[in-house]
Amino acid sequence: MKRRSSLRSIVTGVLSVIAGSLCLAMTMGQGCAPNDGGGGTATSQFLGASECRLCHSSHYDDWIGTSHASALETLKAIGQDRNAFCLGCHTVGNGEEGGFVSEASTPHLAGVQCENCHGPGFDHRSNVDDRNARPPRSIASSVCGKCHNNTHHPTLDEWQRSAHAGVNEELVPRFAAGSSLSSCGVCHSGDYRDAKFIQELSSVPETLLSGKTEAEMYGVTCVICHDPHKRTENAVESGPAKDYQLRYPEAAYPARSNSVAVLTDSSRYNLCGQCHRSRGRVWSETSRPMHHSIQSNMFHGEMPLPDDDQTPLVANTNTAHRFVPKQCVTCHMPTVEFDETLQLADSGHDFAPNLEGCSGLGCHPSPQSAEQDMAALQARVDADLAACYNRLGDPSTWEYTSEGGPADQSNIPDEIKKIRFLYYWVLYDGSKGVHNPEYTRAILTNIDVRLTALGK
Ligand code: HEC
Ligand code: HEC
Ligand code: HEC
Ligand code: HEC
Ligand code: HEC
Ligand code: HEC
Ligand code: HEC
Ligand code: HEC
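Residues numbered from 1 in each chain as written. Chains lettered and ligands numbered in written order. Predicted model: local features only at pLDDT ≥ 70, side-chain atom pairs only at ≥ 80, totals over all residues. Heavy atoms only, no water.

Run through the coordination of the iron atom of ligand 6, naming residues and quoting values.
At this site the iron atom of ligand 6 is bound by H226 (NE2) and H349 (NE2), with donor distances of 2.0 to 2.1 Å. Each of the six donor atoms bound to the iron atom of ligand 6 contributes to angles spanning 88 to 179°, and the resulting shape is octahedral. Here H226 is found in the loop between α13 (222-225) and α14 (260-263), whereas its partner H349 is found in the loop between β2 (344-346) and α17 (367-392), with 123 residues between them in sequence. Look at H349 and you get buried, because its relative accessible area is 18%. (Donors = N, O, S within 2.8 Å, 3.2 Å for Na, K, Ca; no water. Tetrahedral: all angles 85-135°; square planar, octahedral: opposite > 155°, others 65-115°. Helix = DSSP H or I, 4+ residues; strand = E, 2+ residues; numbered from the N terminus. Buried < 20%, exposed > 50% of the residue type's maximum accessible area, 1.4 Å probe, protein only.)

Can you break down the site of ligand 2 residue by residue, with the values?
Around ligand 2, the surrounding shell holds 20 residues, and the nearest of these are H68, T74, C144, C147 and H148. Measuring from a nitrogen atom of ligand 2, one finds a side-chain N or O atom of H68 at 2.8 Å. At a separation of 3.0 Å, an oxygen atom of ligand 2 approaches a polar backbone atom of Y244. Breaking the shell around ligand 2 down by element, the ones donating at least two residues are α4 (71-77), α5 (84-90), α8 (141-145) and α13. Residue composition of the shell around ligand 2, by class: eleven nonpolar, seven polar and two charged. (Near = heavy atom within 4 Å. Polar contact = N/O pair within 3.5 Å; in protein donor to acceptor, adjacent residues only side chain to side chain. Nonpolar A, V, L, I, M, F, W, Y, C, P; charged D, E, K, R; others polar.)

Any chance you could break down the coordination of the iron atom of ligand 8 for me, citing the residues and the numbers?
Expected angles at a metal are 109.5 degrees for tetrahedral coordination by four donors and either 90 or 180 degrees for octahedral coordination by six donors. For the iron atom of ligand 8, every protein donor is listed as H332 (NE2) and H435 (NE2), and the spread of their distances is 1.9 to 2.0 Å. For the iron atom of ligand 8, the six donor atoms are set out with angles of 87 to 179° between them, so the coordination reads as octahedral. Placement of the pair is H332 in helix α16 (residues 328-332) and H435 in the loop between α19 (414-429) and α20 (437-453), with a sequence separation of 103 residues. The partly exposed category is assigned to H332, whose relative accessible area is 24%.

How would you summarise the domain arrangement of the protein chain if you had to cite specific residues and measurements?
Domains assigned within the protein chain are domain 1 (167-219) and domain 2 (261-322 + 366-453). Listed per partner, the contact involves five residues of domain 1 and four residues of domain 2. For the interface between domain 1 and domain 2, the tally reads zero salt bridges. At the junction of domain 1 and domain 2, the tally comes to zero residue pairs in polar contact (both at pLDDT 80 or more). Here the side of domain 1 that touches domain 2 takes four residues from helix α11 (residues 181-188), the largest share from any one element. (Domains from an automatic or database assignment. Contact = heavy atoms within 4.5 Å. Salt bridge = Lys/Arg side-chain N within 4 Å of Asp/Glu carboxyl O.)

An account of the pattern of salt bridges is requested, with residue identities and associated values reported.
What the rule picks out here adds up to 17 salt bridges. Linking E237 and K326 is a salt bridge whose minimum nitrogen-to-oxygen distance equals 3.5 Å. Remark: K326 occurs in the loop between α15 (295-300) and α16 and E237 occurs in the loop between α13 and α14; sequence separation between them is 89 residues. Residue class for K326 comes out buried when judged on its relative accessible area of 19%. Here D382 ties to K432 by a salt bridge, and the two come within 3.6 Å at their closest N and O atoms. Of this pair, D382 sits in helix α17 while K432 sits in the loop between α19 and α20, and the two are 50 residues apart along the sequence. D382 sits in the partly exposed class, given a relative accessible area of 38%. Here the salt bridges do not stand alone but share partners, grouping E73, K76 and E103 into one network.

Please provide a residue-by-residue account of unusual backbone geometry, values included.
Excluding glycine, most residues fall at negative phi; most peptide bonds, likewise, are trans. With a phi angle near 60°, E233 is a residue other than glycine that sits in the positive phi range. Here E233 shows up in the loop between α13 and α14. The phi dihedral of Y244 falls on the positive side, at around 75°, and the residue is not glycine. Here Y244 is to be found in the loop between α13 and α14. Classification of Y244 by relative accessible area gives partly exposed; the value is 32%.

Go over the confidence of the model for the protein chain, please, and point to the residues and values.
The pLDDT averaged across the protein chain works out to 90; a share of 90% of its residues lies at or above 70. Considering only residues more than four positions removed or in separate chains, one finds that residues 1-42, a stretch of pLDDT under 50, has 95 contacts. (pLDDT = per-residue confidence, 0-100.)

Please give an account of the packing of α17 against α20 that cites residues and values.
In contact at an axis separation of 11 Å, α17 and α20 are set at 25° when each is read in the N-to-C sense. Overall, the two elements α17 and α20 adopt an arrangement that is roughly parallel. For the crossing formed where α17 meets α20, the hand is left-handed. Between α17 and α20, the residues in contact are L377, R380, V381, D384, L385, C388, R391 and L392 and P437, T440, R441, L444, T445, I447, D448, L451 and T452, respectively. A breakdown of the residues in the contact of α17 with α20 according to their chemical character gives nine nonpolar, three polar and five charged. (Axes fitted to C-alpha atoms, helices over the stretch in contact; angles between N-to-C directions. Parallel < 35°, antiparallel > 145°, perpendicular 65-115°, else oblique. Left-handed = near helix turned anticlockwise from the far one by under 90°.)

So, the state of the cysteines: which residues are in play, and what are the values?
Under the defined criterion, the tally for this structure stands at zero disulfides. We note that C358 lacks a disulfide partner, and the nearest cysteine sulfur, in C331, lies 4.4 Å from it. (Disulfide = S-S within 2.5 Å.)

Lay out the site of ligand 6 with the relevant residues and their values.
Residues in close proximity to ligand 6 total 21 residues, the closest being C222, C225, H226, E250 and H349. Contacts to ligand 6 include H226, whose side-chain N or O atom sits 2.8 Å from a nitrogen atom. Looking at the shell around ligand 6, the elements with two or more residues in it are α9 (155-161) and α13.

Have a look at this one:
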């Protein structure tokens with residue numbers, strides 16, 4: 001459990017400043033890391049966004065409303081618009097040949113523009129039909145990390161430590177062999193999501209990642225969650241200054257349901273719930289437990305049921321946590337402003353829960369008291385899950401096939417199938433009750449009643 005940035009993140013933060021300045025010394029827009037793709041060609045001639053507008057007017061009209069477009073205004077407002085250090089990340093190509101010099105002489109290169117992310121566009125404009133001269137279109141996080149990466153905003157570093165940074169090692173060989181992409185890639189592959197939801201290709205080839213190595217595959221990168229070009233008004237705090245450019249709503253309040261068709265429909269969920277949701281597995285299925293991704297459903301207090309038996313195993317149950325303002329983000333991505341003593345900020349992008357987010361809403365008076373409440377709840381959940389497992393007896397008699405149970409599951413009574421489903425529902429949520437304490441307690445009590453009725 002993380003309460004503050006660890007020493008490790010402080011050290012990597014400092015290292016990244018060094019790397020960051022080396023990076024800035026190179027041509028802005030050229031890659032600083034392998035797998036970058038956001039680079040330019042050898043000719044580093046910047047055009048400025050108004051030139052791109054001639055042919056890409058909708059991108060321009062979107063971008064002009066983002067805070068990237070006004071990044072030089074931000075420096076002006078605090079009298080730092082002549083500080084070369086700052087200009088490196090707040091303008092196009094500052095200090096480079098053909099790059100930003102001053103607002104008076106190069107007004108067309110003010111702010112964070114197309115060419116910061118796509119590289120210089122001169123060659124492309126000269127010959128738009130030349131595919132080799134087209135500015136790269138890359139979903140790599142290093143495109144953003146050129147600037148979103150130092151002690152003041154260590155976003156890239158934090159993201160790199162998160163599970164979102166790569167593709168699960170079990171899936172890499174499968175994707176490389178041209179399999180599983182359409183069934184698993186929707187949540188596990190940035191490349192698949194890019195093709196399907198960003199480029200909106202009518203069909204994505206199953207062989208999209210064939211022959212690729214782990215380093216050539218993208219996980220949940222910045223632009224899977226953020227739209228690089230436009231304001232979206234999807235953030236809870238979205239306002240004139242901040243928008244965050246989130247692709248999906250930060251918070252959502254779907255009506256609770258037990259239907260597989262409803263629970264597997266991503267459009268009812270918030271941003272995180274695009275992937276952290278049920279895949280539809282119900283208690284009557286026997287090969288393996290449900291997927292690990294059920295957090296949103298535990299959070300809302302619901303679970304899927306077989307179509308022909310919609311009697312809830314446990315009544316759908318609401319929780320106060322559902323109403324913390326930014327939902328998942330409140331606990332998993334609280335930010336900490338730059339701290340002079342630590343010389344570091346926390347951008348929340350390692351996604352680890354942080355109890356700083358739990359105090360200040362008037363429910364838990366302090367992070368310490370939230371920690372105590374959590375420790376007590378999690379201890380009970382751990383103990384009840386262990387007791388359930390023991391009371392069920394020899395796993396070879398009751399477990400799912402994948403977990404060491406019998407290959408032939410026909411002798412396992414429905415009641416046991418329901419109990420093991422409830423057991424795994426709590427276990428695989430991964431929060432040990434925190435996502436929905438009320439529902440979790442009701443499930444554990446329900447398990448106890450069922451086991452007692454069976455004499456176990
Ligand atoms: C004279 C017209 C013209 C101008 C000016 C122009 N582009 Fe393009 N651009 C095109 C055409 C045509 C394509 C190819 C068709 C498409 O993908 O939309 C293209 C494609 C692109 C792509 C997609 C590459 C890909 O692999 O999908 C990017 C990115 C791009 N342009 C960025 C820019 C940027 C940045 C500027 C300004 C520096 C710019 N363009 C200026 C016409 C232009
Ligand atoms: C050239 C440096 C640079 C690059 C490259 C860059 N950014 Fe930024 N970004 C900034 C700066 C500077 C700001 C602050 C602008 C301001 O408020 O003046 C910012 C602000 C933002 C914000 C906050 C917007 C808001 O409404 O609060 C988001 C989100 C963001 N960037 C995402 C990205 C993503 C995603 C990428 C990559 C696709 C990226 N940035 C690439 C420099 C950069
Ligand atoms: C390594 C790239 C980089 C450098 C160098 C840099 N900035 Fe920024 N700046 C950013 C990014 C990225 C953001 C957006 C941060 C975010 O929203 O997380 C930003 C945001 C800001 C903001 C807006 C903060 C807010 O919350 O709205 C101010 C003010 C600012 N920078 C000032 C400066 C000043 C002053 C300097 C020079 C002393 C400087 N920056 C140097 C990348 C940089
Ligand atoms: C903050 C980084 C960033 C900025 C600024 C930016 N782009 Fe992009 N652009 C991307 C990324 C990343 C992609 C691929 C993902 C996507 O399309 O959302 C992309 C995709 C594109 C494409 C391919 C078609 C498409 O929509 O997928 C074009 C064309 C393009 N950008 C043009 C522009 C132009 C013109 C501007 C300036 C007006 C601009 N971009 C500003 C990062 C950026
Ligand atoms: C609806 C989105 C979604 C789909 C589809 C999906 N996953 Fe996942 N998967 C997730 C999420 C989210 C996690 C992380 C949950 C966590 O860590 O608690 C995860 C975790 C995993 C893990 C790590 C959990 C563990 O065992 O330790 C593996 C392995 C995995 N998925 C494999 C697959 C495979 C194989 C497929 C396709 C058959 C697939 N996933 C389809 C969302 C999905
Ligand atoms: C899994 C989704 C996800 C990914 C991946 C992600 N972000 Fe974010 N990001 C968010 C959310 C949600 C917020 C809004 C946080 C809030 O409301 O406080 C955010 C906020 C931000 C902000 C504004 C922070 C501030 O304090 O002003 C910036 C800048 C940003 N992200 C950049 C990035 C960059 C750069 C990357 C890749 C290195 C990235 N994000 C990856 C979800 C994501
Ligand atoms: C595009 C799909 C996607 C989105 C959107 C997404 N995640 Fe994830 N997330 C995953 C996958 C896949 C994993 C597991 C990766 C693995 O285990 O290989 C994961 C892992 C995690 C983990 C780590 C779990 C562990 O076992 O360590 C946390 C925490 C997490 N996500 C929180 C969030 C939050 C909070 C949001 C919203 C801001 C979010 N995620 C949005 C797909 C997604
Ligand atoms: C009230 C605070 C809170 C909210 C709201 C919240 N989480 Fe969590 N989450 C936690 C805590 C605490 C843990 C358990 C961490 C631990 O014990 O290691 C956790 C665990 C997780 C894990 C599993 C991590 C692992 O190691 O297996 C994932 C994934 C996750 N949350 C995603 C989400 C998503 C998605 C949402 C929104 C639907 C969400 N969380 C809402 C606090 C919260």
